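# Coordinate inspection notes
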Amino acid sequence: MKNTGLTWRIVLIISLITLMIYVTVRMVSSGSGLIDDGKVDLSSVDFQKSVALNGDWEFYWNRLLTPNDFRAVQPPIMDSLMEVPGTWDDGEAGSKVYPPHGVATYRLRLNYPSSLKDPALSIQNVASAYKFYANGRLIVEVGKVSDKLSGFKDGEESLILDLPNDTQELELVFQVANLNYARGGLRESPIFGSKQVLERQKMILLALQLFFIGSIFIFSIYYFLLFLLQTNNKTALLFSILCFITALRSLIWGAAPLAIFFPNVPLDVRAYINYLTGYNLVPVMILFVLSIYTMEYKKTTLGLVLLPTLFFDALLLTPPGFISLFTNYLYVMVLLQMIYILGVLIKAVLHQRDNAILMFIAIYVFVLAIIEDILHYKGLGGINISHMFLYGNFAVILAMSFVQAKQQANIHKKLVLYNENLVEADRLKDKIMANEMSFLQAQISSASQITSLQSDMEKLEWASKTDSLTGLYNRRHIMGKIENEFISYKRNKKKFALIIADIDFFKEINDTYGHDCGDRVLKVISKGLQDAVREQDFVSRWGGEEFLLLLPETEIEGARILAERIRGIIEEQIIEYNGIQVSITMTFGVVVNEDYEIIEDTIKKADNALYEGKNRGRNCVILA
């Protein structure tokens, strides 16, 4: 059965990686556009949907040409064709490579059907200032276009512009200037279509983004409050930070809600938000995943993977124009980090860790979104990156939220079971005492009878305190001992320690060798625990294959040393049963009480530490 489970996991991983390669190739190949030689005929297009003006535009380098220049007796000679979306310094975008800083003119001629009564153009992400003309008329200027720094000013707006509708032929001219950022040009394809359709698409995208941002921000607040209540829960803190970074980054993507609701926010502020979140989103995601699957990585490797992030974070102290020079290096770092986290999750899937398959698929979707981001930046691919970013992040956040919720549900389930056992123990106590009192009143008639009854009462009292199989204290009695230690602590301030220990893979022992063998294991472990502790310590059977050790007047280091010693003894021990040799290991959660805690908090911390040890691969000691 184990081999079958491992086989289908390997098949799943290979299939998903193959699919990723295929999708990436498709993304690259989808970059071919409608426009050829600066012309496009859309007269047969049904404009129920919009059309991205992808393809080869006419390109005039180092010249800010107006429509009148193209109507001169000797019109300007085109330098080359330039692919849109793209940047003019990209060797794959045009037939020539141009310097990143400079000015240029883009030109496109198109036809559209007479049935389109409200032609419009959606424009966004032009680096980094532009003038737009349609049929010889200046429609808009964003920033200040100039070939001199003294007259230049960058700008960024997401616009839907009316186009002339008195003719079905359009001449679109963009004057673009970029004197400060690393890349210049039409980095997003202008979208042509009905103004009504374009506005509806923009509103739908804006609504999706606002819903996404609001949901993720609520996640961030909730898990931050959870961390404040459980300060040892670093996973909750990392997830809260991850949600906050994701929500912040979404403000400047797609419909750019930040620019819509705060139009006066400087472009540099949006640029810094883009760089800050872009540099730290993947590293925080890595730390979150590793906080769940702690046994799947090495600290030295992790340090090498995350070290470049410090360099990029230091770049935030420099101007945005300088930061943009390192964008290609950033994408290399991000790709390597994503490969690393996929490798960690592949190990977790193969080791059959809890929720590993779900986490792997979620991160897989996010990696596809990152790949599309890079291809889009390089002017390759034709998928709407705004939607890809939303889908990829939303898949990750939902999956990670489910994992967190499942962990909390497991803890809650154990607490409910603990309370139910306490209530049942109290019922049994009352019933036993009532029966015994009735028996005593009816039977006491002589001194010999009294002596006999006293002996029976002592046996009954001992039975009420202990577990019938192992002879250890039962859960109800050890809870009384813990309460006494809390009372004693308030007087003398001497801390006590709790150790919750669990036999690893105990269910498999029962399933493989039978419950009699399981009982034999429990008895041997119980005797070993009693022999290992001090005279003043208490050992109890906490439930099933779990044991609880109460160590009065003990600090955390002393408890850890004892737990490690017991773990080593058990690991080396061979248990004989009907000629069968059984090897076992145990996982330990160790805690020391704190001033502000109640009994349930201390027990819960030990239980959380035990759960973390199970996630780390078992057979270990974890301090709360």
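Note: the structure precedes this text.
Reference entry: report on the structure contained in this document.

A tally of helices and strands in the protein yields 17 helices and 20 strands. Classification of the 624 residues of the protein by burial places 49% in the buried group. Accessible surface, the protein as shown: approximately 30500 Å² in total, 58% of it carbon and sulfur.

Before going further, it helps to examine the sheet that holds strand E10 (residues 159-162). Ordered by their spatial adjacency, four strands build an open sheet running E2-E13-E6-E10, and the pairing between neighbours is antiparallel. The open sheet has two free edges, formed respectively by strand E2 (51-52) and E10, since each of these has just one partner strand. In this structure, strand E6 (residues 119-123) lies alongside strand E13 (residues 191-194), joined through four bridges in antiparallel fashion. Bridging across to E13, Ala-120 finds its partner in Gly-193.

Note the cis peptide between Val-84 and Pro-85, where omega equals 5 degrees. Topologically, Pro-85 is positioned in the loop between strand E4 (80-84) and strand E5 (102-111). Looking along the chain, the bond that leaves Ala-127 and enters Ser-128 is cis, with omega of -5 degrees. Here the phi dihedral of Asn-578 falls at roughly 50 degrees; this positive angle occurs in a residue that is not glycine. Its relative accessible area of 68% is what places Asn-578 among the exposed residues.

Applying the stated criterion across every chain yields a total of 25 aromatic pairs. A centroid spacing of 6.0 Å and a plane angle of 25 degrees characterise the contact between Tyr-275 and Tyr-279, whose relative ring orientation is stacked. Residue Tyr-275 and its partner Tyr-279 are located together in helix H6 (residues 267-292), separated by four residues, close to a single helical turn. By relative accessible area, Tyr-275 is classed as buried at 9%. For the pair Phe-486 and Phe-496, a centre-to-centre distance of 5.1 Å together with 75 degrees between the ring planes defines the contact as edge-to-face.

Another point: the pattern of salt bridges. Per the counting criterion, the structure on display carries 20 salt bridges. Where Asp-79 meets Arg-63, a salt bridge forms, and the shortest distance between an N and an O atom there is 2.4 Å. Of this pair, Asp-79 sits in the loop between helix H2 (67-70) and E4 while Arg-63 sits in the loop between strand E3 (55-61) and H2, and the two are 16 residues apart along the sequence. Under the relative-accessibility criterion, Arg-63 is labelled partly exposed at 26%.

A few words on the environment of Val-84. Within the secondary structure, Val-84 is located in strand E4. Val-84 sits in the buried class, given a relative accessible area of 0%. Residues Val-84 and Ser-189, spaced 105 residues apart in sequence, show a C-alpha to C-alpha distance of 5.8 Å. Among residues more than four places away in sequence, those in contact with Val-84 are Leu-53, Asn-54, Gly-55, Trp-57, Tyr-106, Leu-186, Glu-188, Ser-189 and Pro-190.

Orientation of helix H14 (residues 506-513) relative to helix H15 (residues 515-532), taken along the N-to-C sense of each, is 135 degrees, at an axis distance of 6 Å. When the interaxial angle is binned, H14 and H15 end up oblique. In this structure, H14 uses Phe-506, Ile-509, Asn-510 and Tyr-513 to contact H15, whose residues at the interface are His-515, Cys-517, Gly-518, Val-521 and Leu-522. When grouped by side-chain class, the residues that make up the contact of H14 with H15 number six nonpolar, three polar and no charged.

Calculation notes
Residues numbered from 1 in each chain as written. Predicted model: local features only at pLDDT ≥ 70, side-chain atom pairs only at ≥ 80, totals over all residues. Heavy atoms only, no water. Helix = DSSP H or I, 4+ residues; strand = E, 2+ residues; numbered from the N terminus. Buried < 20%, exposed > 50% of the residue type's maximum accessible area, 1.4 Å probe, protein only. Areas by Shrake-Rupley, 256 points an atom, 1.4 Å probe, with all protein chains shown as cover. Pairing = 2+ DSSP bridges. Phe/Tyr/Trp six-rings, centres within 6.5 Å; stacked < 30°, edge-to-face > 60°. Salt bridge = Lys/Arg side-chain N within 4 Å of Asp/Glu carboxyl O. Contact = heavy atoms within 4.5 Å. Axes fitted to C-alpha atoms, helices over the stretch in contact; angles between N-to-C directions. Parallel < 35°, antiparallel > 145°, perpendicular 65-115°, else oblique. Nonpolar A, V, L, I, M, F, W, Y, C, P; charged D, E, K, R; others polar.

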